[in-house]
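What the coordinates show
One-letter residues, chain by chain:
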Amino acid sequence: YHDGTNSYITNSLGFLRIATESAGIETQIGNEVSETVVNDNLSISGHTSATAVSAAYGTAAAPSYSFTGDGDTGIYRHAANKIGFTAAGASQIIVTDGAIVPNVDSDVDFGSTAKYFKNGFIDTLQTTGGIDIDGTLNVQGNTTLQAHLYMGDSDTIIMGDSSEFQLNHDGTDGNISNTSGDLTL
């Protein structure tokens, strides 16, 4: 019916279905220049495609893009040109032009003791804390220390392709071992 201003299709019982009777026939709502507004929930079963999708800004507690049954986890607009990722209603990661940053200092881990990233390719690594290495650190290029190198007792600095030169402390004595060539002090 038409109320003089707007046209309506109404239904007071069951589903209101707009459908085609054969597969492969499109059902269109709106046109290239009009805007179609859904004032309630829109549920889609099947695939959806769109040229562009816009959503409200959202917040960390109620992100614009969330999941059924988990409305405080998802993606939202953190600020102009910044995308926020939230979990359990708390902002976790912010993506900006050229950076992925935690929302709060020292709050987000990169991997865990149970789940590791395979490889990391990083131009420069800066830390305000320590770096723990459980395995081998291979360095190609120069290493500059601007502080002390601390090693535990019985740890050894090994140099040479065949481990010819070794420097260690056994808990009591400092030891230098050179098995090839001259040792000059």
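Just above, that's the structure.
Calculation rules
Chains are numbered independently. Their residues run from 1 in the order of the written sequence. Totals for whole chains, interfaces and linings use every residue, but because this is a predicted model, local features are given only for residues with pLDDT of at least 70 and side-chain atom pairs only at 80 or more, for both listing and counting. Side-chain metrics rest on all non-hydrogen atoms present in the structure, leaving aside hydrogens and water. Think of it this way: a Phe, Tyr or Trp ring, Trp meaning its six-membered ring, pairs with another when their centres are within 6.5 Å, and the plane angle makes it stacked under 30 degrees, edge-to-face over 60, tilted otherwise. We call a residue buried when its accessible area falls under 20% of the maximum for its residue type, exposed when it is over 50%, and partly exposed in between, using a 1.4 Å probe and counting protein chains only. In this scheme, the term charge over a ring applies when either NZ of a lysine or CZ of an arginine sits within 6 Å of the ring centre and within 35 degrees of the ring normal. A patch is a set of surface residues, each over 30% in relative accessible area and not in a salt bridge, joined within 9 Å for like charges and within 5 Å for the nonpolar side chains Val, Leu, Ile, Met, Phe, Trp and Tyr. Using a 1.4 Å probe, accessible areas were evaluated by the Shrake-Rupley method; residue-level cover was limited to the displayed protein chains. Salt bridge criterion: a side-chain nitrogen from Lys or Arg within 4 Å of a carboxyl oxygen from Asp or Glu. Think of it this way: Lys and Arg go in the positive column, Asp and Glu in the negative one, and His and the chain ends go nowhere. For the purpose of locating charges, the reference atoms are NZ of Lys, CZ of Arg, CG of Asp and CD of Glu. Numbering of helices and strands runs from the N terminus; a helix is a DSSP stretch of H or I covering at least four residues, while a strand is a stretch of E covering at least two. Here a cavity denotes grid points, spaced 1 Å and computed from the protein atoms alone, that fit a 1.4 Å probe unable to get out, and a pocket denotes an open set having protein on both sides within 12 Å along at least 5 of 7 lines; residues with an atom within 4 Å of a point are the lining. Grid points are joined across faces, edges and corners, and a volume is the space filled by probe spheres set on the points. Three residue categories are used. Nonpolar comprises Ala, Val, Leu, Ile, Met, Phe, Trp, Tyr, Cys and Pro, charged comprises Asp, Glu, Lys and Arg, and polar comprises the others, including Gly. Note on pairing: two strands pair once DSSP finds at least 2 bridges between them. The axes used here are C-alpha line fits, helices contributing only the stretch in contact, and every angle between their N-to-C directions lies in the interval 0 to 180 degrees.

**Overview of the packing of aromatic side chains**
If you walk through the whole model with that rule in mind, you get two aromatic pairs. On the basis of an interplanar angle of 20 degrees and a centroid distance of 5.1 Å, the ring pair of tyrosine 1 and tyrosine 8 is categorised as stacked. Ring geometry for phenylalanine 110 and phenylalanine 117: centres 4.2 Å apart, planes at 10 degrees, overall stacked. By relative accessible area, phenylalanine 110 is classed as exposed at 72%. The cationic tip of arginine 77 hangs over the ring face of tyrosine 57; the distance from NZ or CZ to the ring centre is 4.0 Å.

**Topic: a negative patch on the surface**
A cluster of like negative charges, contributed by Asp153, Asp155, Asp170 and Asp173, occupies part of the molecular surface. Note on placement: aspartate 153 falls in the loop between strand E5 (99–102) and strand E6 (156–159).

**Digging into the layout of surface pockets**
Counted as a void, the largest pocket has a volume near 2800 Å³. What lines the largest pocket is a set of 48 residues, among which Leu125, Ile131, Asp132, Ile133 and Leu137 lie closest to the centre. Secondary structure elements with two or more residues in the lining of the largest pocket: E5 and E6. If you add up the space inside the second largest pocket, you get close to 2100 Å³. Lining the second largest pocket are 30 residues; nearest its centre among them are Ile29, Thr36, Val38, Leu42 and Ile44. Residue composition of the lining of the second largest pocket, by class: 15 nonpolar, 14 polar and one charged.

**A word on the pairing of E6**
Two faces belong to every sheet, and in a regular strand the side chains alternate between them. Of the strand pairs in this sheet, E6 and strand E7 (residues 165–169) are connected by four bridges, and their pairing is antiparallel. Its bridge partner lying in E7, isoleucine 158 is registered against glutamine 166. Counted along the chain from E6 to the antiparallel partner E7, the turn is five residues long, and its residue glycine 160 has a positive phi close to 100 degrees.

**Here's the deal with a nonpolar patch on the surface**
Together, Ile122, Leu125, Ile131, Ile133, Leu137 and Val139 line one region of the surface with nonpolar side chains, adding up to about 630 Å² of accessible area. Along the chain, isoleucine 131 falls in the loop between E5 and E6.

**What about the sheet that holds E6?**
Spatial strand order, E6-E7-E8: three strands in an open sheet with antiparallel pairing. Single-partner strands in this sheet number two, and they are E6 and strand E8 (174–178). Along the sheet, successive strands turn relative to each other by an average axial angle of 10 degrees, direction set aside.

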